[in-house]
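Structural overview
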There are 2 protein chains.
Amino acid sequence: MIYTKTGEYAIRAVLYLARQPKEALVMSSEIAESEEIPSHYLAKILQRMAKYGYVDSFKGRGGGFKITELAQRSSILEIVERVEGPVINLKCVTGLKECSDENPCPLHEEWAELRNRIYNLISSKSVQEVADKYSDTLKKNR
Amino acid sequence: MIYTKTGEYAIRAVLYLARQPKEALVMSSEIAESEEIPSHYLAKILQRMAKYGYVDSFKGRGGGFKITELAQRSSILEIVERVEGPVINLKCVTGLKECSDENPCPLHEEWAELRNRIYNLISSKSVQEVADKYSDTLKKNR
DNA sequence: TTAATTTGGGAGTCTTTTGTCTTAAATAAA
DNA sequence: TTTATTTAAGACAAAAGACTCCCAAATTAA
Ligand code: SF4
Ligand code: SF4
C-alpha cells in the first residue's frame, strides 16, 4: 500500500460505512469481520475517527457507527492523512539525496508526473462517490 | 518512499558506487558520509549486498567496496526486492477487500495503469544507465 | 612482527507500528 | 433496577524496522 495499515483500515471502514443504507448503525465488530481487520485495533481507529468527526458513534445495545457528512464529502487522502499523521509517503521512488527540480535524477520527470496522478487519484473524488460507484459494480456482478 | 529505508539506502549506495571511476574502491564510511546514511547501518547493508553479489568487498587498509557487473545491469527494483525481502508494496491505493479486475473499485482502472508505470519506471532501466545519466546532470549543473 | 585499518558477523537497543486485553461509561431491554 | 450490550479509554504485548556496539578476521603498512 502507499499508506500504512492503520490508514488502510480507516479507509476500508469508512468506505464500508458509506455503502450502508442511510442512518444505519453498524457495530465495530461487524466491520472488522466483514473487512477482516483485527477487531480491537479497528475499534481504536473508529474511536479516533469519531473524535475527528468522520463517524458518529452510539453506545449500548443497538449501537454502533455511521458515517458523517464530513467523511462523505472528504477525499480518501484527507482521511488517511488525518488518521495516520502528517503527510503521505509519496515523495520519491529512489530517495536520492542530491535532487530537486533543477537537479533531477533520470527518473524524476516521469516520477513527478506519476506522483501527481496518484495524488490526484485519491484526492479528487469524495468518499461517497467512490463508495457509490463501488456499490454499483458489486451489484452488477451478482 | 515506496520502499523502506533499508531499500532506499541500498539503492543510494549502489548508485553512488556506480558513479565512481572504474575499479575504484570506496569505504563504507565514505558512502555513509556522502549520502548521509547511518554508518554502521549502511555497513550491514553493504555486507549483505556483497553476499548477493551486487558489490565486491576488500578488507584492510585501502579496502572498500565497488559495484559488480551484476548490479550494474540490474534494475533498481531487482536490488530493492533482494535487499528488503520478497515484494514491493505496490499493491493498491485503497486496499479494499473485495476487488479484482472483474470486480474493481472505481479507482482501479487508473490505479492499475499507474501501478504498471511505477513498476516499469524502476525496473526498465539498469542501475548503470540511471547512474550515468545522473552523473551527466550533476556535471551540467556545476 | 606489530600496529593500524577496513570489512564480517552477531548481539543488543530504541522506536514505531500493530495488535491485545481489561475496565469504565453509556445505553437499552428485560 | 438489573442485566446485557456496545463504545471509550488506556495499559500492555508483540513484531518489525532502524540503528548501535563490540569483537573477530583479513589485509596492508610500518
Ligand atoms: S530527482 Fe526526483 S525522482 Fe530522482 S531522486 Fe530526486 S525526487 Fe526522486
Ligand atoms: S479494485 Fe483495484 S484500486 Fe480498487 S481496491 Fe481493488 S486493487 Fe485497489
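Heads up: these notes are all about the structure in this document. (Residues numbered from 1 in each chain as written. Chains lettered and ligands numbered in written order. Predicted model: local features only at pLDDT ≥ 70, side-chain atom pairs only at ≥ 80, totals over all residues. Heavy atoms only, no water.)

**Thoughts on the pairing of strand 1 (residues 55-58) of chain B**
Residue and element names in this part refer to chain B. Sheet analysis places strand 1 next to strand 2 (residues 64-67), joined by four bridges and oriented antiparallel. When the sheet's bridge partners are listed, D56 is paired in strand 2 with K66. In this antiparallel pair of consecutive strands, strand 1 and strand 2, the connection spans five residues, and G60 shows a positive phi of 80°. (Pairing = 2+ DSSP bridges. Helix = DSSP H or I, 4+ residues; strand = E, 2+ residues; numbered from the N terminus.)

**A word on the protein's contact with DNA strand C**
Taken together, 23 residues lie near DNA strand C, and T4 and T6 of chain A together with M27, K44 and S57 of chain B sit nearest. Sugar and phosphate atoms form 70% of the subset of DNA strand C atoms that lie within 4 Å of the protein. Here a phosphate oxygen of DNA strand C and a backbone polar atom of S28 of chain B are 3.0 Å apart. Within the contact set of DNA strand C, a sugar or linking oxygen lies 3.2 Å away from a backbone nitrogen or oxygen of G60 of chain B. Contributions of two or more residues to the surface near DNA strand C are made by helix 1 (5-18) and helix 3 (39-52) of chain A together with helix 3 (39-52), strand 1 and strand 2 of chain B. For the surface near DNA strand C, the class distribution of residues is six nonpolar, ten polar and seven charged. (Near = heavy atom within 4 Å. Polar contact = N/O pair within 3.5 Å; in protein donor to acceptor, adjacent residues only side chain to side chain. Nonpolar A, V, L, I, M, F, W, Y, C, P; charged D, E, K, R; others polar.)

**A closer look at the protein's contact with DNA strand D**
Near DNA strand D there are 24 residues, and of these M27, K44 and S57 of chain A together with T4 and T6 of chain B occur at the shortest range. Counted by atom, the contact set of DNA strand D within 4 Å of the protein is 72% sugar and phosphate. Here Q47 of chain A contributes a side-chain N or O atom positioned 3.3 Å from a base nitrogen of DNA strand D. G60 of chain A places a main-chain nitrogen or oxygen 3.1 Å from a sugar or linking oxygen of DNA strand D. Contributing elements (two or more residues each) for the surface near DNA strand D: helix 3, strand 1 (55-58) and strand 2 (64-67) of chain A together with helix 1 (5-18) and helix 3 of chain B.

**Observations regarding the nonpolar core**
Within the largest apolar cluster, 82 residues are counted, with the highest numbers of intra-cluster contacts made by M49 and I79 of chain A together with M49, I76 and I79 of chain B. Leave out the neighbours within four places in its chain, and I79 of chain A touches I11, V14, M49, Y54, A71, S74 and V127 of chain A. (Core = buried A, V, L, I, M, F, W, Y, C linked by side-chain atoms within 4.5 Å. Buried < 20%, exposed > 50% of the residue type's maximum accessible area, 1.4 Å probe, protein only. Contact = heavy atoms within 4.5 Å.)

**Looking at the environment of D56 of chain A**
Residues and elements named next belong to chain A. As for its placement among the helices and strands, D56 is situated in strand 1. Through-space distance from the C-alpha of D56 to that of I67 is 6.3 Å; in sequence the pair is eleven residues apart. The contacts of D56, once residues within four sequence positions are left out, are G64, F65, K66 and T68.

**Notes on the packing of helix 1 of chain B against helix 5 (residues 76-84) of chain B**
Residues and elements named next belong to chain B. Their axes nearest at 9 Å, the elements helix 1 and helix 5 cross at an angle of 130°. Taken together, the axes of helix 1 and helix 5 lie oblique to each other. Where helix 1 crosses over helix 5, the two elements pack in a sense that is right-handed. Contacts between helix 1 and helix 5 involve T6, G7, A10, I11 and V14 from the former and I76, I79, V80, V83 and E84 from the latter. Residues that form the contact of helix 1 with helix 5 fall into these classes: seven nonpolar, two polar and one charged. (Axes fitted to C-alpha atoms, helices over the stretch in contact; angles between N-to-C directions. Parallel < 35°, antiparallel > 145°, perpendicular 65-115°, else oblique. Left-handed = near helix turned anticlockwise from the far one by under 90°.)

**Points about the side chain of Q128 of chain A**
All names here are of chain A. Take Q128: it is sitting in helix 7 (residues 127-140). We classify Q128 as buried; its relative accessible area is 17%. Here the side chain of Q128 touches D132 through a polar contact of 2.8 Å, side chain to side chain. Not counting residues up to four positions away in its chain, the partners in contact with Q128 are A18 and Q72.

**Section: the pattern of salt bridges**
Scanning all chains against the criterion turns up 14 salt bridges over all chains. A salt bridge links R19 of chain A to E35 of chain A; the nearest nitrogen and oxygen atoms lie 3.5 Å apart. Of this pair, R19 of chain A sits in the loop between helix 1 and helix 2 (28-35) while E35 of chain A sits in helix 2; the two residues are 16 residues apart in sequence, bridging distant segments of the chain. In this structure, E110 of chain B and R117 of chain A form a salt bridge, with 3.6 Å as the shortest nitrogen-oxygen distance. (Salt bridge = Lys/Arg side-chain N within 4 Å of Asp/Glu carboxyl O.)

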